[in-house]
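Structural description and commentary
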Amino acid sequence: MTTTTQPAPTTAAPRGRGGFLQSVTDSLVMAKRNLIRMMRIPEVVIFGLIQPIMFVVLFSYVFGGSIKVPGAGTDPSAYREFLMAGIFAQTVTFATAGAGAGIAEDMHKGLIDRFRSLPMSRGAVLTGRTLADLVQTALTLVVLAVVAALVGWRAHDGVLNALAGFGLLLLLGYAFTWIGALIGLTVRTPEAATSGGLIWLFPLTFISVAFVPSQNMPSFLQHIAEWNPFSATVVACRDLFGNFPPNYPIPDAWPMQHPVLASLIWSVVIILFFRTLAVRKYRSATV
Amino acid sequence: MPGAIYAEGLVKTFGDVRALDGVDLDVPEGTVLGLLGPNGAGKTTAVRVLTTLLRPDSGTAVVAGIDVLKNPTAVRRSIGLSGQFAAVDEYLTGRENLQMVGQLYQMSGRDAKKRACELLDRFNLADAADRTAKTYSGGMRRRLDLAAALVVSPPVMFMDEPTTGLDPRNRQGLWEVIEELVAGGTTLLLTTQYLEEADRLAHDIAVVDHGKVIARGTSDQLKAQTGGERIEVVVHEREHIAPARGILERHQLGGTSQGGCTVEEHTRKLTVPVSGGAKLLAEVIRELDTAGIEIDDIGLRRPTLDDVFITLTGHAAEDEPELKADAKPGTEEAAK
Ligand SMILES: Nc1ncnc2c1ncn2[C@@H]1O[C@H](COP(=O)(O)OP(=O)(O)OP(=O)(O)O)[C@@H](O)[C@H]1O
Ligand SMILES: [Mg+2]
């Protein structure tokens, strides 16, 4: 240790800017930290890509021939078009597990004491993580869209509509990372957060209109599927991408008739609800 | 007016364990308090309460004039913490770690960068600055953590065993850093297992055991309380014990009447409490020599903080192994 540099003058830490601006800058600092970590542990990102790519290939070629989409007549490629929005939506919700595991890991390492003893905004540790996951989700979606295009998927209603569809998907993914954040704060290990983040996603994504039309389900499942927050985004994307067959009978349920609005409402409600709970839980772990 | 760190009646229990059992502390501004105590005494728990990481069951704590329980956010602006276990992000480089902390203290990106550079130099981490902390040795992590605690030089600092795991040169270096900080007006609460460190850095020392402060004072006061200085003499002939005792008692602390000289017959060792240092020792040697008493060994012994520590906290440490020794055969029997 050299003594050539002078110690910084003893002053209180620069006054926190406080309020909203500080919570934005703190969250960005934390997002940067998480993105650097993701870059240095690329395995996680790569495995996150392989799984949805496998789904695209499996569903289009294995189930593709045997699932009939109403209104598509005998067009064999109709299911492939119909399917993609479902896989996109399922993929973005898998970010739940990553966010949960990351936060569970942070909470049980000494580093969290450093963050808690700093005059930083209280929600920033969580918001930073969810923002980093949003970036990862966006990256995954780009790769997935390319793979989907390779197997024949197209967006038929113009660039703006396509972008709007991807925007809704990102918002849904972001909303789900807040569910993951709450799970991560509740369980004791990252492994538990991963399984806790995934287990309920399977019924949620399968009892929906993501992979099969709801018309073929028993009527009580049909109701669940049509009001499922996940279905709203899937239908909105199919609409915006022009992926419904021309004569597809859209169900009468309100979210199915107004899918874009329903998707927005669901995502915002999920964010508000789970973010509030998660930040409160994070705070209660300290003074 | 209460000091920069003030605590009254802090209690914190974890299940059956009373980690803090009514701790009172008062550290005047610009001074260093050394918190000593055996493992599990409650030192880390006290630090965690004072740095807003843990809510006590009862009691009050005021840091930098701000109530820790009522306004933790404001307290966080005025403190720096280096905890017992290094709190660094393993996947970030040393530089990135420090920049991140700077930015979370609301520094601009440029200031944070500059400060990170200074600290990396200061803590001998410049060569490893751009390696991830995962690749650091234990002592390097420790230093990175200390650097992170010093990013803004806040008015009140807490360091929980800051030099554990540091090599002697880096320990010396950290002591210098701490001395500079304190010269600049920083108030510091430091826990340590190295009594030499407390002796050198701390103005006041509080000894904690079982969640209570069992002794406090300056290092000298505590040493005096444990017995002050003594002269120890080993005489060559058994017959010389009595005359030697006469001479020693004439010089003992508080006059002849005290009868404070202790004698171990079989080792021919006499010990007497004194105050007068080397000068008195020389005089005693002359008198013993004049009286024709042959001495094998003579010395002036001052109690160290180790003596203080062991005297004050020794009982607990001696009792427990006995209990375990008793219990053990029983459990082995049961196991069969
Ligand atoms: N989170 C916790 N849950 C349960 N018990 C705890 C917890 N934290 C501390 N304790 C207990 O509280 C007591 C005091 O612990 P503390 O860490 O404060 O000791 P310490 O003086 O810092 O010891 P050391 O010198 O080993 O660091 C111990 O008996 C410990 O087991
Ligand atoms: Mg400790």
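Residues numbered from 1 in each chain as written. Chains lettered and ligands numbered in written order. Predicted model: local features only at pLDDT ≥ 70, side-chain atom pairs only at ≥ 80, totals over all residues. Heavy atoms only, no water.

**Thoughts on the overall build of chain B**
Just so we agree on the cut-off: Helix numbering and strand numbering both begin at the N terminus, where a helix is a DSSP run of H or I of at least 4 residues and a strand a DSSP run of E of at least 2. The contact definition used throughout considers only heavy atoms, calling two residues in contact when any of these lie within 4.5 Å. All accessibility values rest on the Shrake-Rupley procedure with a 1.4 Å probe; residue burial counts only the protein chains present in the view. Counted charges follow a simple rule, with Lys and Arg positive, Asp and Glu negative, and His plus the chain ends left uncounted. By convention, the charge on Lys lies at NZ, on Arg at CZ, on Asp at CG and on Glu at CD.
Scanning chain B for helices and strands turns up 11 helices and 14 strands. Dimensions of chain B, computed from C-alpha atoms along their principal axes, come out at roughly 80 × 55 × 50 Å. Counting only contacts in chain B whose residues sit at least 6 apart along the sequence, the fraction spanning at least 24 positions is 67%. Summed over all atoms, the accessible surface of chain B reaches about 15,300 Å², with 51% contributed by carbon and sulfur. Across chain B, 38 positive and 51 negative side-chain charges occur, with their mean positions spaced 7 Å apart.

**Topic: the pattern of salt bridges**
Operational definition: Salt bridge criterion: a side-chain nitrogen from Lys or Arg within 4 Å of a carboxyl oxygen from Asp or Glu. Between buried and exposed lies partly exposed: a residue is buried under 20% and exposed over 50% of the maximum accessible area for its type, with that area taken using a 1.4 Å probe on protein chains only.
In this structure the tally under the stated criterion is 24 salt bridges over all chains. With its nearest N and O atoms 2.5 Å apart, the salt bridge here joins Arg 48 of chain B to Asp 113 of chain A. Taken together, the residues Arg 48 of chain B in helix α1 (residues 43-50) and Asp 113 of chain A in helix α5 (residues 111-117) connect one chain to another. Given a relative accessible area of 18%, Asp 113 of chain A falls into the buried group. A salt bridge links Lys 70 of chain B to Asp 67 of chain B; its shortest N-O distance comes to 3.7 Å. Here Lys 70 of chain B falls in the exposed class, since its relative accessible area comes to 71%. Via salt bridges that share partners, Arg 33, Arg 37, Glu 105, Asp 106 and Lys 109 of chain A together with Asp 89 of chain B belong to a single interconnected network.

**Considerations on the coordination of the magnesium ion (ligand 2)**
All names here are of chain B. To keep things clear, this is the line we draw: A 2.8 Å cut-off from the metal defines N, O and S donors, relaxed to 3.2 Å for Na, K and Ca; water is not in the atom list, so some sites may appear incomplete.
The coordination sphere of the magnesium ion (ligand 2), as far as protein atoms go, consists of Thr 44 (OG1) and Gln 84 (OE1), spread over 1.9 to 2.1 Å. Taken together, the residues Thr 44 in helix α1 and Gln 84 in the loop between β6 (79-82) and α3 (94-104) connect sequence positions 40 residues apart. Among the residues examined, Thr 44 registers a relative accessible area of 25% and is labelled partly exposed. On the basis of relative accessibility, which here comes to 24%, the residue Gln 84 falls in the partly exposed class.

**Here's the deal with the site of ligand 1**
Residues and elements named next belong to chain B. Put simply, the test is: The near set for a molecule or strand comprises every residue that places at least one heavy atom within 4 Å of it. Pairs of N or O atoms within 3.5 Å make up the polar contacts considered here, provided that, within protein, one atom can donate a hydrogen while the other can accept it, and that residues adjacent in sequence are counted only when both atoms are side-chain atoms. Residues are sorted three ways: Asp, Glu, Lys and Arg are charged, Ala, Val, Leu, Ile, Met, Phe, Trp, Tyr, Cys and Pro are nonpolar, and all the rest, Gly among them, are polar.
Taken together, 14 residues lie near ligand 1, and Gly 40, Gly 42, Lys 43, Thr 44 and Thr 45 sit nearest. Contact distances for ligand 1 include 2.9 Å between an oxygen atom and a side-chain N or O atom of Gln 84. Burial of ligand 1 by the protein chains amounts to 62% of its free accessible area of 640 Å². Among the secondary structure elements, those contributing two or more residues to the shell around ligand 1 are β2 (17-27) and α1. Ranked by residues supplied to the shell around ligand 1, first place goes to α1 with 3 residues. When the residues that make up the shell around ligand 1 are grouped by side-chain class, the tally is 5 nonpolar, 7 polar and 2 charged.

**Some points on the sheet that holds strand β7 (residues 156-160) of chain B**
Residues and elements named next belong to chain B. The condition is simple: Strand pairing follows a simple DSSP-based rule, namely that at least 2 bridges must link the two strands. Every axis in this analysis is a line fitted to C-alpha atoms, fitted for helices over the stretch in contact. Angles between the N-to-C directions lie between 0 and 180 degrees.
One open sheet accounts for 6 strands, arranged β6-β7-β8-β3-β9-β10; its pairing is mixed. The open sheet has two free edges, formed respectively by β6 and β10 (212-217), since each of these has just one partner strand. Pairwise comparison of adjacent strand axes, ignoring direction, gives a mean angle of 15 degrees for this sheet. Examined bridge by bridge, β7 and strand β8 (residues 187-191) share 5 bridges and lie parallel to one another. Looking across to β8, one finds that Met 159 is bridged to Leu 190. Sitting on the sheet, α1 is in contact with β3 (32-36), β6, β7 and β8, with an inclination near 150 degrees to β8. Relative to β10, helix α8 (residues 219-226) is tilted by about 105 degrees, and along the sheet it contacts β9 (204-209) and β10.

**Considering the packing of aromatic side chains**
Residues and elements named next belong to chain A. The criterion, for reference: Side-chain rings of Phe, Tyr and Trp, where Trp is taken by its six-membered ring, are said to pair if the distance between their centres is within 6.5 Å; with planes under 30 degrees apart they count as stacked, over 60 as edge-to-face, and otherwise as tilted.
Within this structure, the stated rule accounts for 15 aromatic pairs over all chains. Ring geometry for Phe 82 and Tyr 248: centres 5.8 Å apart, planes at 40 degrees, overall tilted. Of the two residues, Phe 82 is situated in helix α3 (residues 78-93) and Tyr 248 in the loop between α11 (229-241) and α12 (254-257); the sequence distance between them amounts to 166 residues. Here Phe 82 falls in the buried class, since its relative accessible area comes to 0%. Measuring from centroid to centroid gives 5.4 Å for Trp 153 and Phe 241, while their planes differ by 80 degrees, and the two rings are edge-to-face. A residue pair is termed long-range when its members are at least 10 positions apart, and Trp 153 in the loop between α6 (124-150) and α7 (159-186) and Phe 241 in helix α11 qualify at 88 residues.

**Details of a nonpolar patch on the surface**
Where we set the bar: The patches described consist of residues with a relative accessible area above 30% and no salt bridge, like charges being joined within 9 Å and nonpolar side chains (Val, Leu, Ile, Met, Phe, Trp, Tyr) within 5 Å.
A cluster of nonpolar side chains, namely Ile 46, Phe 47, Ile 50, Met 54, Val 57, Leu 58, Tyr 61, Val 62 and Phe 63 of chain A, defines an oily patch on the protein surface of about 870 Å² accessible area. Its place among the elements puts Ile 50 of chain A in helix α2 (residues 42-63).

**Section: the interface of chain B and chain A**
Basically, it comes down to this: In short, buried area is how much 1.4 Å probe accessible area vanishes from two parts on joining, totalled over both.
Listed per partner, the contact involves 51 residues of chain B and 40 residues of chain A. Considering only the side of chain B, the residues that lose the most area to chain A are Arg 77, Leu 104 and Gln 106 of chain B, jointly responsible for 20% of the buried surface there. At the junction of chain B with chain A, the criterion picks out 5 salt bridges. Arg 40 of chain A is paired through a salt bridge with Glu 96 of chain B; the nearest N and O atoms lie 2.8 Å apart. In this assembly, chain B and chain A are joined by 9 residue pairs in polar contact (both at pLDDT 80 or more). Elements represented by at least two residues in the side of chain B that touches chain A include exactly α2 (72-78), β6, α3, α4 (109-122), α5 (138-149) and α6 (168-183) of chain B.

**Considering α6 of chain A**
Keep this limit in mind: Given a helix with a known number of residues, its expected span is that number minus one, times 1.5 Å.
In a regular helix each residue adds 1.5 Å, so 27 residues correspond to 39 Å; α6 of chain A covers 39 Å between its end C-alpha atoms and thus fits that length. Gly 152 of chain A sits one or two positions beyond α6 of chain A and adopts a positive phi of about 110 degrees.

**Focus on the packing of α3 of chain B against α4 of chain B**
All names here are of chain B. Note the cut-off: Note that the term roughly parallel is reserved for angles under 35 degrees, roughly antiparallel for angles over 145, roughly perpendicular for angles of 65 to 115, and oblique for everything else. For any helix crossing, the convention is left-handed if the near helix is rotated counterclockwise from the far helix by under a right angle, and right-handed if that rotation is clockwise.
Running from amino to carboxyl end, α3 crosses α4 at an angle of 130 degrees, the nearest separation of the two axes being 8 Å. With respect to α4, the element α3 is oriented oblique. The handedness of the crossing between α3 and α4 comes out as right-handed. Contact residues: Gly 94, Arg 95, Leu 98, Gln 99, Gly 102 and Gln 103 in α3; Gly 109, Ala 112, Lys 113, Ala 116, Cys 117, Leu 119 and Leu 120 in α4.

**Points about unusual backbone geometry**
All names here are of chain B. With a phi close to 55 degrees, Ala 64 is a non-glycine residue in the positive phi region. Within the element layout of this structure, Ala 64 appears in the loop between β4 (58-63) and β5 (66-67). The backbone of Gln 106 shows a phi angle near 70 degrees, a positive value even though the residue is not glycine. Tracing the sequence through the fold places Gln 106 in the loop between α3 and α4. The class of Gln 106 is buried, set by a relative accessible area of 7%.

**A few points about the nonpolar core**
Our working rule: Grouping buried Ala, Val, Leu, Ile, Met, Phe, Trp, Tyr and Cys residues that are joined through side-chain atoms within 4.5 Å yields what is termed a nonpolar core.
Counting 120 residues, the largest nonpolar core has Phe 88 and Phe 115 of chain A together with Leu 98 and Phe 123 of chain B as its most contacted members. Broken down by element, the residue count for this core peaks at 13 residues, all from α7 of chain A. Residues Ala 41, Val 49, Leu 53 and Phe 158 of chain B belong to the second largest nonpolar core, which totals 30 residues.

**Some details on the side chain of Ser 208 of chain A**
Residue and element names in this part refer to chain A. Checked against the element boundaries, Ser 208 lands in the loop between α9 (201-206) and α10 (219-227). Its relative accessible area of 0% is what places Ser 208 among the buried residues. A polar atom in the side chain of Ser 208 sits 2.6 Å from the backbone oxygen of Thr 205. Not counting residues up to four positions away in its chain, the partners in contact with Ser 208 are Met 217, Ala 225, Asn 228, Phe 230 and Ser 231.

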